[in-house]
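Topology and contacts: notes
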Amino acid sequence: MVTGAPPLPNAFISGSGFYVPPRVLDNETFAKTYGIDTTHEWIVKRTGIEERRFSDEGVATSDLAVPAAEQAIERAGISKTDLDMIIFATLSPDHAFPGSGVYLQEKLGLCSGEQAKFVPALDVRNQCSGFLYSLATASSMVQSGNCKHVLVVGAETHSAALDLTTRGRTVSSLFGDGAGAVVVSATEEDRGVRGWYLGADGRFADALSQKVWDIKKRPFIPQNEEGVGQAQPDHMFATMDGKLVFRNAVERMIRVLMEAFNDLSLTRDDIDLFLFHQANMRINQYIADQVGIPEDRLVHNIQRYGNTTAATIPILIAEAERDGRLVPGKKVAMVAFGSGFTWGAAIVDW
Ligand code: UT7
């Protein structure tokens, strides 16, 4: 041990924000607008989703992130120039490259004038677990003493990349657009991120994937005679083995939650609020039943937004802070699972 070294800080969530686009599509409107053979009853019964938000054409994922990030920064009581790093989790980035983090940095006004601060911007590509992978990275940066304030964003524009025909209904009826953000800050107080637990199993990489880009091909998107790139629907849009994903989600989410409890010597009764990834209400209710989590300790918003992938947990955080359910002193468990397969959990003292 180095004598005289200052104690390393804790990392806590100092502010949160969210933004969802204003266009609401309830299940009936969703079916009618796109002529999809589905019903409100089917979607609610199988998933719990009642409506979702879709952005309009011309809106990028980084645009959704801007108001969410600005709210989080304001609520953290800092200014943009206090940020030391941006981490942007998304599976629907503005472009194939560069990452959405640099677009967000520019849109936040950090690249010019008095406010210029050329902080590093990192994109995280871990789909539904993207926020927890990002939170783990941000808290490690803070706890190591390398950063004081890290902006973490999860944002998605699914509406542009869904097969909005009956052929794609199993996937398209699940997803919605939105953004959530938090600032992870250093503190000497005894609070914050107590542990994070991440995992992945690449054997299931194809079980939920979108392969519009296939680098093995020459060129990577097939071209027609005029040189125009054309992708088949099963490459253009996400495909999913829903039942396989469902089974693994339940199993892995329970297992990673138990890993966190064992590591920190906690039981379910120590946790005030469970923030689960919002992929399917039935997945979360099944886990709650198995673990014995009372309904009033579980927060949902899948009814209103569908699955917003990397944005589900930061939106839950922002909403739970706004409605007073998430206040300093509460102990929180976050758990996610998704494409990869990847999964994660985090235990946080608010
Ligand atoms: O966040 C990433 C992680 N994702 C997940 O965790 C999703 C996990 N999976 C699931 O949530 C469920 O598997 C789904 C909700 C996607 C599907 O539910 P399911 O009970 O597994 O249904 P299924 O795919 O087996 O389909 C059952 C029937 C099929 O018809 P047939 O073959 O029985 O005639 C589907 O064609 O339901 C049909 N179906 C639909 N019908 C009306 C599928 N989607 C729809 C729809 N509307 N939207």
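Residues numbered from 1 in each chain as written. Predicted model: local features only at pLDDT ≥ 70, side-chain atom pairs only at ≥ 80, totals over all residues. Heavy atoms only, no water.

Another aspect to go through is the pattern of salt bridges. The tally for this structure, following the rule as stated, stands at 17 salt bridges. Here Asp37 makes a salt bridge to Arg169, at a shortest N to O gap of 3.8 Å. Of this pair, Asp37 sits in the loop between α1 (27–34) and α2 (40–47) while Arg169 sits in helix α6 (residues 169–172), and the two are 132 residues apart along the sequence. Here Arg169 falls in the partly exposed class, since its relative accessible area comes to 36%. Note that Lys217 and Asp214 form a salt bridge whose closest N and O atoms lie 3.9 Å from each other. With relative accessibility at 28%, the residue Lys217 sits in the partly exposed group. It is possible to trace a salt-bridge network through shared partners that takes in Asp190, Arg194, Lys331 and Asp349. (Salt bridge = Lys/Arg side-chain N within 4 Å of Asp/Glu carboxyl O. Helix = DSSP H or I, 4+ residues; strand = E, 2+ residues; numbered from the N terminus. Buried < 20%, exposed > 50% of the residue type's maximum accessible area, 1.4 Å probe, protein only.)

A few words now on the nonpolar core. Formed by 33 residues in total, the largest nonpolar core has its most connected members in Phe131, Leu135, Leu275, Ile317 and Met334. No other element matches helix α5 (residues 130–143), which puts six residues into this core. Each of domain 1 (10–190) and domain 2 (193–207 + 236–349) accounts for three or more of the residues forming this core. If we ignore the near neighbours within four places in the chain, the residues touching Leu135 are Ile13, Val152, Val184, Val193, Met334 and Ala346. The next biggest cluster of nonpolar side chains, apart from the first, holds 31 residues, and it includes Phe274, Val291, Ala333 and Phe337. (Core = buried A, V, L, I, M, F, W, Y, C linked by side-chain atoms within 4.5 Å. Domains from an automatic or database assignment. Contact = heavy atoms within 4.5 Å.)

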